[in-house]
Structure formats: structure tokens, C-alpha cells
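# Coordinates in review
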Amino acid sequence: MLGALSFASLPTALVARIVGIAILLFVILKATGMIAFKPSRRVLVIGGGVTGLLSGLVGSAGPLGAAVFLSLGLPPLAYVASDAVASIAMHGAKTVVYGATIDLGPAFWPLAIAMGLAMIAGTWAGRLLIKRLPVERFRQFVMFLLALIAVEMIIMG
């Protein structure tokens, strides 16, 4: 909620680039074995707090949340389910804060509902693919996607 309240006052492009650099650094350190987190409440609380703050600031910090969950070594379906539950909580809080502080306009809700339905369909399709991937291949795929997203954030802001 703190990030969402600060959204309008900080340069979004700068924050997005910093998040991109942090994600790319994480991917490099994780891929080279230089860092490894043991699953713990501390990792989840700190990672969740930073992810929520940055999500409120730049609109989405999904890649950072993905990196936190990836560090826990969860099986693929548990990884996706955990990230989904965290996203619901985070986006629910942002909806409340943004709805109270920003005029979303009449065109917002139909678009939001359409996007939500598309995301549900994409999630269903993704689940079918994840079930077929070996665990290590899934983790490599997520790391690759995180690197791509980080580079895009750094370049585009």
C-alpha cells in the first residue's frame, strides 16, 4: 500500500530500471550458484515486502516476486500457486488504494475484466505446460524469462 500511495511522486522509469537491474543481478548470482536462499519466513517476509512496495511504485513487480518464489526451490505447480496467492493479495491492495486515489474512468472496468479473463485462460494453458516440464527445466525457463524481462525493464524503463 505504501508503494501504491507513492506511485505518482517517484519517476516510474527510474524505479523500473532499478528493479530490472536487481532482477538481472539475482538471475546471474543464482545461475552461477553464488547465492542460494533457504526457504524461510524471513525470506518470504522481506521478499514480499520489497515486491509489494515496488509493485505499488511501478505498477508491477511480478518478476521480482517470481525471483523470490524461485529461490524457495518449490515444485513448479507450488511455485505458480504461491505466486498467484501473493499476487491476489498484492493486486487487491493496489485496487483498493488506486480506486480510492485515482479516477479510473468508465472504460477501466470492462478492460480490467477482459484482461482478468485472458489471464485466467493463460493460467490454465500454462498449468498444462508446467505439468509436462521437468523441475530443473522449469527453473531454467523461469530464470531465462526473468533475465529477458529484466533487460526489457532496464532498456525501456
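Our structure's up above, just so we're on the same page.
Let me begin by describing the structure that accompanies this report. Residue positions are counted from 1 within each chain, in the order its sequence is given. In keeping with the predicted nature of the model, local features appear solely for residues at pLDDT of at least 70, side-chain atom pairs appear and are counted solely at 80 or more, and the whole-chain, interface and lining totals rest on all residues. Heavy atoms from the whole structure form the basis of all side-chain values; hydrogens and water molecules are not counted.

### Looking at the nonpolar core
What tends to happen in soluble globular proteins is that the nonpolar side chains get buried as a cluster. Residues grouped as a nonpolar core are buried Ala, Val, Leu, Ile, Met, Phe, Trp, Tyr and Cys residues, joined through side-chain atoms within 4.5 Å. Three labels apply to residues, based on accessible area from a 1.4 Å probe with only protein chains included: buried if under 20% of the type maximum, exposed if over 50%, partly exposed otherwise in between. Within the largest apolar cluster, 24 residues are counted, with the highest numbers of intra-cluster contacts made by Val19, Ile23, Val27, Leu70, Tyr79, Val142 and Leu146. Secondary structure follows DSSP: runs of H or I at least 4 residues long count as helices, runs of E at least 2 residues long count as strands, and numbering of each begins at the N terminus. Listed by contribution, the elements that provide at least two residues to this core are helix 2 (12-31), helix 3 (41-58), helix 4 (62-70) and helix 7 (135-156). Per element, the largest residue contribution to this core is 7 residues, and it comes from helix 7. Whether two residues are in contact is decided by their heavy atoms: any pair within 4.5 Å suffices. Apart from the residues lying within four places of it in its own chain, the contact partners of Val19 are Leu54 and Met153.

### Here we look at the layout of surface pockets
One water molecule sets the probe size; rolling that probe over the atoms shows where empty space is left. Quantified by volume, the largest pocket comes out at close to 1,700 Å³. The wall of the largest pocket is formed by 42 residues, among which Asp83, Ser87, His91, Met119 and Thr123 lie closest to the centre. The element best represented in the lining of the largest pocket is helix 6 (residues 108-130), accounting for 15 residues. Here the nonpolar group is Ala, Val, Leu, Ile, Met, Phe, Trp, Tyr, Cys and Pro; Asp, Glu, Lys and Arg are the charged ones; every other residue, Gly included, is treated as polar. Per-class residue counts for the lining of the largest pocket are 28 nonpolar, 11 polar and 3 charged. Lining residues are defined by having an atom within 4 Å of a point belonging to a cavity or pocket. Those points lie on a 1 Å grid over the protein atoms alone, cavities being sets where a 1.4 Å probe fits but cannot get out and pockets being open sets with protein on both sides within 12 Å along at least five of seven lines. Grid points are joined across faces, edges and corners, and a volume is the space filled by probe spheres set on the points.

### Some thoughts on helix 5 (residues 76-101)
Here, expected helix span is obtained from the residue count minus one, scaled by 1.5 Å. Helix length check: helix 5, at 26 residues, gives a terminal C-alpha distance of 37 Å against a target of 38 Å (1.5 Å per residue), a fit within 8%. Here helix 5 has its buried residues at Pro76, Tyr79, Met90, Lys94, Val97 and Tyr98.

These figures come from the coordinates and say nothing about function on their own.
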